[in-house]
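Below, each chain spelled out in residue letters.
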Protein chains: 2
Amino acid sequence: MSPKTDRLSIAALGGVHEIGKNMYIVQYNEDIIVIDCGSKFPDESLPGIDVIIPDIAYLLENQKQVKGLIVTHGHEDHIGAIPYVIKQLNMPVYATRLTLGLIRAKLKEHGLLGSTKLHEIDSNTTLALGAMSVRFFSTNHSIPDCLGVVFHTPQGVVVHTGDFKFDLTPVNAQYADIHKMAEIGQNGVLALLSESTNAERPGFTPSERSVGEHILEAFQKADKKIFLATFASNVHRVQQVIDAAEKTDRKLVLLGRSMVNVVDIASSLGYLRLPEGMLVEPSDCNRYSPNELVILCTGSQGEPMAALARLASGNHRQIRVDPGDTVILAASPIPGNERNVGQIVNNLFERRAKVVYGSGNVTGMHVSGHASQEELKLMLALMKPKYFIPIHGEYRMLHQHRLLAEAVGVESDNIFIVNNGDVVDITGSAARQDRKIPSGNTLVDGLGIGDVGQIVLRDRKVLSEDGIVILVVSIAKSDAKIVSGPDVISRGFVYVRESEGLMEEVQRIAVSTITKLQEANSNQWGEYKQALRDALGKFLFTHTKRRPMIIPIIIQV
Amino acid sequence: MSPKTDRLSIAALGGVHEIGKNMYIVQYNEDIIVIDCGSKFPDESLPGIDVIIPDIAYLLENQKQVKGLIVTHGHEDHIGAIPYVIKQLNMPVYATRLTLGLIRAKLKEHGLLGSTKLHEIDSNTTLALGAMSVRFFSTNHSIPDCLGVVFHTPQGVVVHTGDFKFDLTPVNAQYADIHKMAEIGQNGVLALLSESTNAERPGFTPSERSVGEHILEAFQKADKKIFLATFASNVHRVQQVIDAAEKTDRKLVLLGRSMVNVVDIASSLGYLRLPEGMLVEPSDCNRYSPNELVILCTGSQGEPMAALARLASGNHRQIRVDPGDTVILAASPIPGNERNVGQIVNNLFERRAKVVYGSGNVTGMHVSGHASQEELKLMLALMKPKYFIPIHGEYRMLHQHRLLAEAVGVESDNIFIVNNGDVVDITGSAARQDRKIPSGNTLVDGLGIGDVGQIVLRDRKVLSEDGIVILVVSIAKSDAKIVSGPDVISRGFVYVRESEGLMEEVQRIAVSTITKLQEANSNQWGEYKQALRDALGKFLFTHTKRRPMIIPIIIQV
């Protein structure tokens, strides 16, 4: 191996300058290791898109060098793209038991379970992947069984934190391994990649255990049914709900597909302690009096199709929210979801329920799973990295994380804020950020992966705002005289019965446009179409201040 | 006047079970007085819609009884619908000087200034409108010159608070007239309508003056250009920016149409004290060094076309955010706007600006203009109403306001939570809520008021999610044989070059569908169209999991 090619490279294929679709790579010469394979949900600028995944062109171009995928934990923004990516590139997957359980469920749904190589690891595993050996350390987060990853390369050690917080009183005694982190730092860390989700938040994130105390208190006060909505994947919180139900002699009902799935997987793998006989089917609820039931459900972010939204609007088939019932929203609304959550609270109050809602800081019913500023500094202090790359966050979070790193003594020139596709190359004693690899958003719409591009999205946007006007006319090939039509069809523009005069005028303008071109002896249909688009577009904008898509269809007969 | 018809009625035509489009009516027998005439902005469920205004069918049906429109203050959710409503129903408008100034600008834009009867009032005015006399009291809010309204009716006194807070150290000494409120309460209030925006918020809203202190402090620390974004209509805050600029020897630049308009109107009417020579045109900025400038701009809610968004993305024609400049977001993001605001902060950090952002509670750069729980209780305590109708808010806010009213001693049965269109009738000693008048959303799209209905919106939604597939075929009238086509045109569905095989298959299915009907001797074109829609819809869903709108066009030749 010549010194020229002795190069360690670090890059993000997703997860920076955004929240979601995390995918990072650590490459030592010809060996590539992928960390995480997440998805993210589209905002309103991507109508009709189901999910967004990382563009993996770089991995496909270098397939033979890809040694495997390491998954730090089982959240969607870290595992959501696995089935789509595995279809294109079947690499071995390494993850802990719970994470693998969640991945297996996804692969099964896509019919990929048999063909994917899954390897269970834990915090004591050592993997040899090409020229790198990979070790792990336990962290705390809002899902159990999370790992930080340590890459031992001939150039030095690279640490990727995964998502983490420092919860010093964790539920289920799942402690973060601070001593191991200290040892890793003591032995020397060349580069640290650390998550930045809460880098804007001062202080220290409260322990998940504090939520359990508030849940128990609320359960003790309630005298009718209790509904509690939270993230299904927050197994620690689900455990605390189970514990509080047990202490207050209530049975547990699960509503929502992901809640049923996660509880099933987590309890069968031993991550949840579910007392015998505690679980009751929704259809059996009527055998119990209201003060004997806790209904644990999905939809805490206001998702319109999830259990909580259906309960709030009275559309759930099996269970009803009655006056005096208690409904606890054990989650803070993620930016963008406030309106939907607010609407659910409106509906619950209309059903005369008691509702515990609002920011987790106020209600005590939610804490973040991510490290706040003091914890991020603690991680930086433990690892003492030479180079620092803040990951997992929008630019403002990466920027704030940079300031924290500077505050604890990382040299300014050694901090790299990267965009997806930017590569940090470390060779010998120097690190540089001056080249890019392909990266981007791959859009999944129905069965299509990547077939919806800018043109389709732009058309969807025009169609959604002002609709479409289709003009159909048949013209004789011989003399360009109108044989039939023009007929006008519109959708999403104006309701036609209310605007017959407008449509008649459109026909009149179409005829006069066509006649003018006939008189000029044009038989270029492209010219006719352009002239019709121009004339009708201008007329409709003047009369309606709307710009529908205009499709002239000329049939030559 | 027989006792049978001696009826006082109160209703909302907009503003309850929602935030926005406020419009209330107080009717005594045959006399109707309208309070406020606001608009609201559509969410993503109403694609292409520009603005939503109240449905005024009830007022149109009873035109002769409408005595006038009283406007409590100049915010969009109280004045935004005036031009659209005045076009349909030209009633006299009563408002204070600043409010009238803002209304005049709107009417002028719509060419309605000459034809509208505008009457200036102040807190000492008494109006005689039909059988009612109307008086007013001063309140504090985030715009000057706000009024509460007192309706003296033969049945008793009705009070409408308008929007308010109790700011005991107001900017420009615009005190709320607590003594007058006490007197009104002492003389007896039959019914109180009080705003509920912050009914979920404990405590007492801080004084606007506290923001001024934080602004001055930030100005004193800044050593380059200062950008401050806030609501243009918050004249008190604009005054405090001017004051801080004066104290730190900076000139003021205004960016954004509404900022220029409001400052122009407010200073010409004497609501703003603007020192001579302080204002600088954007084009003259380069004559000053960076530490001599404050740029006051619109866009604090992340509006993509407003000044701040353009500055953040480097697209402003005249002024640039340079490294080291200070940018202050003097506003808390309204739910739904967090993502856009976050993106602006990302962009500003990328330009290496210092950014003051986040909740006003934390930055001190914003306080609400609405009363928190203790102030709402204070209003209830001052007015001591027999009947209480919480207004101006979503259901959860109305509900919390009800709890506050109960806490200060209003009888539970005398509190009415109404929806738009619900009427509270007070006759003699009893109040009842058991009838409805027409109400609803009127959608404004371009020049159309109310011409976009459910069908158009549903079509826009389908088009935006999965696009449109148009199939054109000419069929002989005689034997239903295909003469030309079928041709397929798609927009917003898939990019056609990437899916030629799919489109060929669509053609093949269309031919076989048509052939089958020919063989069955059908010449019902409706049958052909339905069969094509069904066959193509099924095929496309199976192969893409998308449901585009399918428009078969059959030309008979």
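Residues numbered from 1 in each chain as written. Chains lettered and ligands numbered in written order. Predicted model: local features only at pLDDT ≥ 70, side-chain atom pairs only at ≥ 80, totals over all residues. Heavy atoms only, no water.

**A look at the overall build of chain A**
Part 1 of the reasoning: Across its full length, chain A holds 16 helices and 25 strands.
Part 2 of the reasoning: Counting only C-alpha atoms, chain A reaches 90 × 75 × 45 Å along its principal axes.
Part 3 of the reasoning: Residues classed as buried in chain A amount to 59% of the 557 residues present.
Part 4 of the reasoning: Split by element, the accessible area of chain A, about 22,600 Å² in all, is 48% carbon and sulfur.
Part 5 of the reasoning: Taking the average place of the 57 positive charges on the side chains of chain A and the average place of its 62 negative ones, the gap between the two points comes to 3 Å. (Helix = DSSP H or I, 4+ residues; strand = E, 2+ residues; numbered from the N terminus. Buried < 20%, exposed > 50% of the residue type's maximum accessible area, 1.4 Å probe, protein only. Areas by Shrake-Rupley, 256 points an atom, 1.4 Å probe, with all protein chains shown as cover. Lys, Arg positive; Asp, Glu negative; His and termini not counted. Charge placed at Lys NZ, Arg CZ, Asp CG, Glu CD.)

**A short note on the sheet that holds strand S21 (residues 441-445) of chain A**
Strand pairing in a sheet is mediated by backbone hydrogen bonds. Such pairs are either parallel or antiparallel.
Residue and element names in this part refer to chain A.
Part 1 of the reasoning: With antiparallel pairing, 3 strands are arranged side by side in an open sheet as S4-S21-S22. Looking at which strands have only one partner, the edges of the open sheet turn out to be strand S4 (51-54) and strand S22 (448-449).
Part 2 of the reasoning: Two strands pair when backbone bridges link them, and S4 and S21 are joined in this way by 4 bridges, in the antiparallel orientation. The residue of S21 that forms the bridge with Val51 is Val444. (Pairing = 2+ DSSP bridges.)

**Details of the sheet that holds strand S13 (residues 226-229) of chain A**
Residue and element names in this part refer to chain A.
Part 1 of the reasoning: Spatial strand order, S14-S15-S13-S16-S17: 5 strands in an open sheet with parallel pairing. At either margin of the open sheet sits one strand with a lone partner, and together these are strand S14 (251-255) and strand S17 (354-356). Averaged over all pairs of adjacent strands, the angle between their axes in this sheet comes to 20 degrees, without regard to strand direction.
Part 2 of the reasoning: Two strands pair when backbone bridges link them, and S13 and strand S16 (residues 326-329) are joined in this way by 4 bridges, in the parallel orientation. (Axes fitted to C-alpha atoms, helices over the stretch in contact; angles between N-to-C directions.)

**Some words on the interface of chain B and chain A**
Reports of interface size often rely on the accessible area that becomes lost once the parts have come together.
Part 1 of the reasoning: Taken together, the contact between chain B and chain A spans 59 residues of the former and 59 residues of the latter.
Part 2 of the reasoning: Buried area between chain B and chain A, both sides added, is near 4,900 Å², and the carbon and sulfur share of it is 59%.
Part 3 of the reasoning: Across the contact surface, chain B and chain A share 4 salt bridges.
Part 4 of the reasoning: Between Arg339 of chain A and Glu44 of chain B there is a salt bridge, with its nearest N and O atoms 3.8 Å apart.
Part 5 of the reasoning: There are 20 residue pairs in polar contact (both at pLDDT 80 or more) connecting chain B and chain A.
Part 6 of the reasoning: Among the secondary structure elements, those contributing two or more residues to the side of chain B that touches chain A are helix H10 (338-350), helix H13 (395-407), helix H14 (454-466), strand S24 (468-475), strand S25 (482-491), helix H16 (525-544) and strand S26 (549-556) of chain B.
Part 7 of the reasoning: Tallied by class, residues from the side of chain B that touches chain A come to 23 nonpolar, 18 polar and 18 charged. (Contact = heavy atoms within 4.5 Å. Buried area = accessible area lost by both parts, 1.4 Å probe. Salt bridge = Lys/Arg side-chain N within 4 Å of Asp/Glu carboxyl O. Polar contact = N/O pair within 3.5 Å; in protein donor to acceptor, adjacent residues only side chain to side chain. Nonpolar A, V, L, I, M, F, W, Y, C, P; charged D, E, K, R; others polar.)

**Remarks on the pattern of salt bridges**
Part 1 of the reasoning: Applying the stated criterion across every chain yields a total of 54 salt bridges over all chains.
Part 2 of the reasoning: Residue Glu76 of chain A pairs with Lys106 of chain A through a salt bridge whose shortest N-O separation is 2.9 Å. Residue Glu76 of chain A is found in helix H2 (residues 76-79), and its partner Lys106 of chain A is found in helix H4 (residues 97-109); the two are separated by 30 residues along the sequence.
Part 3 of the reasoning: We note a salt bridge from Arg402 of chain B to Glu406 of chain B, for which the minimum N-O separation is 3.1 Å. Note that Arg402 of chain B and Glu406 of chain B are positioned in helix H13 at a spacing of 4 residues, about one turn of the helix.
Part 4 of the reasoning: Since its relative accessible area comes to 30%, Glu406 of chain B is described here as partly exposed.
Part 5 of the reasoning: Several salt bridges converge on common partners, so that one network encompasses Lys225, Arg320, Asp322 and Asp325 of chain A.

**As for the UniProt feature "binding site: substrate" (unreviewed entry) in chain A**
Residues and elements named next belong to chain A.
Part 1 of the reasoning: Taken from the UniProt record, the annotation "binding site: substrate" (unreviewed entry) applies to Ala232, Ser233, Asn234, His366, Val367, Ser368, Gly369 and His370.
Part 2 of the reasoning: Position of Ala232 among the secondary structure elements: in the loop between S13 and helix H7 (235-247).
Part 3 of the reasoning: Classification of Ala232 by relative accessible area gives buried; the value is 9%.
Part 4 of the reasoning: Setting aside chain neighbours within four positions, we find Ala232 in contact with Val238, Ser258, Met259 and Val262.
Part 5 of the reasoning: Within the secondary structure layout, His366 lies in the loop between helix H11 (360-363) and helix H12 (373-383).
Part 6 of the reasoning: Looking at His366, the relative accessible area reads 14%, which means it is buried.
Part 7 of the reasoning: Leaving out residues up to four positions away in the same chain, His366 has contacts with Val211, Phe231, Arg237, Ala330, Ala331, Ser332 and Gly360.
Part 8 of the reasoning: Within the structure, the side chain of His366 is placed 2.8 Å from the side chain of Arg237, a separation counted as a polar contact. (UniProt positions renumbered as here; feature names shortened; annotations may be inferred.)

**Quick notes on helix H8 (residues 257-268) of chain A**
All names here are of chain A.
Part 1 of the reasoning: With 12 residues, H8 should cover 16 Å at 1.5 Å per step; its first-to-last C-alpha distance of 16 Å lies within 8% of that length.
Part 2 of the reasoning: Among all positions in H8, only Met259, Val262, Val263, Ile265 and Ala266 are buried.
Part 3 of the reasoning: Buried residues along H8 sit against H4, H7, S14 and strand S15 (293-297).
Part 4 of the reasoning: A positive backbone phi angle near 85 degrees is found at Gly270, which sits one or two residues after H8. (Expected span 1.5 Å × (residues − 1).)

**Topic: the domain arrangement of chain A**
Part 1 of the reasoning: Splitting chain A by domain gives domain 1 (3-203 + 368-446), domain 2 (208-363) and domain 3 (454-556).
Part 2 of the reasoning: Inter-centroid distance (C-alpha atoms) of domain 1 of chain A to domain 3 of chain A is 52 Å. (Domains from an automatic or database assignment.)

**A few points about the side chain of Glu195 of chain B**
Residue and element names in this part refer to chain B.
Part 1 of the reasoning: Turning to its location among the elements, Glu195 is positioned in strand S12 (residues 189-195).
Part 2 of the reasoning: No salt bridge is formed by the buried Glu195; its nearest oppositely charged neighbour, Lys165, is found at 10.0 Å.
Part 3 of the reasoning: At 3.0 Å, the side chain of Glu195 forms a polar contact with the backbone nitrogen of Phe164.
Part 4 of the reasoning: Only 2.8 Å separates the side chain of Glu195 from the side chain of His370, close enough to count as a polar contact.
Part 5 of the reasoning: Setting aside residues up to four positions removed in sequence, Glu195 forms contacts with Thr161, Gly162, Asp163, Phe164, His370, Ala371, Leu376, Ile391, His392 and His401.

**Points about the confidence of the model for chain A**
Part 1 of the reasoning: Mean pLDDT over chain A stands at 93; residues scoring 70 or higher make up 98%.
Part 2 of the reasoning: Across the interface, the model reports ipTM at 0.85; the global pTM reads 0.87. (pLDDT = per-residue confidence, 0-100.)

**Overview of the relation of the copies chain B and chain A**
Part 1 of the reasoning: Superposing chain B onto chain A takes a rotation of 180 degrees combined with a translation of 0.0 Å along the rotation axis, leaving an RMSD of 0.1 Å. Taken together, the rotation and translation relating the two chain copies correspond to the operation of a two-fold axis. By C-alpha distance to the rotation axis, the residue of chain B lying nearest is Ser464 of chain B, at 2.3 Å.
Part 2 of the reasoning: Same-surface contact between copies: 100% of interface residues of chain B are shared with the interface of chain A. (Least-squares fit on C-alpha atoms with pLDDT ≥ 70 in both.)

**Some points on the pairing of strand S13 (residues 226-229) of chain B**
In the case of a regular strand, side chains alternate between the two sheet surfaces.
All names here are of chain B.
Part 1 of the reasoning: A two-sided burial pattern is seen for S13, the buried positions comprising Ile226 and Leu228 on one face and Phe227 and Ala229 on the other.
Part 2 of the reasoning: As paired elements, S13 and strand S16 (residues 293-297) share 4 bridges and run parallel to each other. From the neighbouring strand, Phe227 faces S16, where its bridge partner is Ile295.

**Comments concerning the packing of aromatic side chains**
Part 1 of the reasoning: A complete count under the given rule lists 6 aromatic pairs over all chains for this structure.
Part 2 of the reasoning: Arranged with centres 6.2 Å apart and planes meeting at 50 degrees, the rings of Tyr387 of chain A and Phe416 of chain A form a pair that is tilted. Residue Tyr387 of chain A is located in strand S18 (residues 385-391), and its partner Phe416 of chain A is located in the loop between helix H13 (395-407) and strand S19 (422-427); the two are separated by 29 residues in the primary sequence.
Part 3 of the reasoning: Centre to centre, the rings of Phe349 of chain B and Tyr357 of chain B are 5.8 Å apart; their planes meet at 80 degrees, and the pair counts as edge-to-face.
Part 4 of the reasoning: What makes Tyr357 of chain B buried here is its relative accessible area of 18%.
Part 5 of the reasoning: Positioned above the aromatic ring of Phe541 of chain A is the side chain of Lys545 of chain A, whose terminal nitrogen or guanidinium carbon lies 5.1 Å from the ring centre.
Part 6 of the reasoning: Sitting above the plane of the Phe541 of chain B ring, Arg547 of chain B keeps its charged end 3.7 Å from the centroid. (Phe/Tyr/Trp six-rings, centres within 6.5 Å; stacked < 30°, edge-to-face > 60°. Lys NZ or Arg CZ within 6 Å of the ring centre and 35° of its normal.)

**Let's talk about the side chain of Thr72 of chain B**
All names here are of chain B.
Part 1 of the reasoning: When you line up the elements, Thr72 lands in the loop between strand S5 (66-70) and helix H2 (76-79).
Part 2 of the reasoning: Owing to a relative accessible area of 1%, Thr72 belongs among the buried residues under this scheme.
Part 3 of the reasoning: Excluding anything up to four places from it in sequence, Thr72 contacts Ile35, Asp36, His78, Asp145, Cys146, Leu147, Val149, His160 and Gly162.

**What to know about the UniProt feature "active site" (unreviewed entry) in chain A**
Residue and element names in this part refer to chain A.
Part 1 of the reasoning: Residues given the UniProt feature "active site" (unreviewed entry) here are Glu195 and His370. These residues run over 176 residues, yet every pair of their C-alpha atoms falls within 8.3 Å of each other.
Part 2 of the reasoning: Mapped onto the elements, His370 comes out in the loop between H11 and H12.
Part 3 of the reasoning: What His370 contacts, discounting residues up to four positions off in sequence, is His141, Asp163, Phe164, Lys165, Glu195, Thr197, Asn198, Thr205, Glu375 and His392.

**Observations concerning the environment of Arg320 of chain B**
Residues and elements named next belong to chain B.
Part 1 of the reasoning: Inspection of the secondary structure assignment puts Arg320 in the loop between helix H9 (307-312) and strand S17 (326-329).
Part 2 of the reasoning: Classification of Arg320 as exposed rests on a relative accessible area of 54%.
Part 3 of the reasoning: In this structure the C-alpha to C-alpha distance between Arg320 and Cys297, which are 23 residues apart in sequence, comes to 13 Å.
Part 4 of the reasoning: Not counting the four nearest positions on each side in its chain, Arg320 is found in contact with Lys225, Phe227, Asp325 and Arg351.
Part 5 of the reasoning: Only 2.8 Å separates the side chain of Arg320 from the side chain of Asp322, close enough to count as a polar contact.

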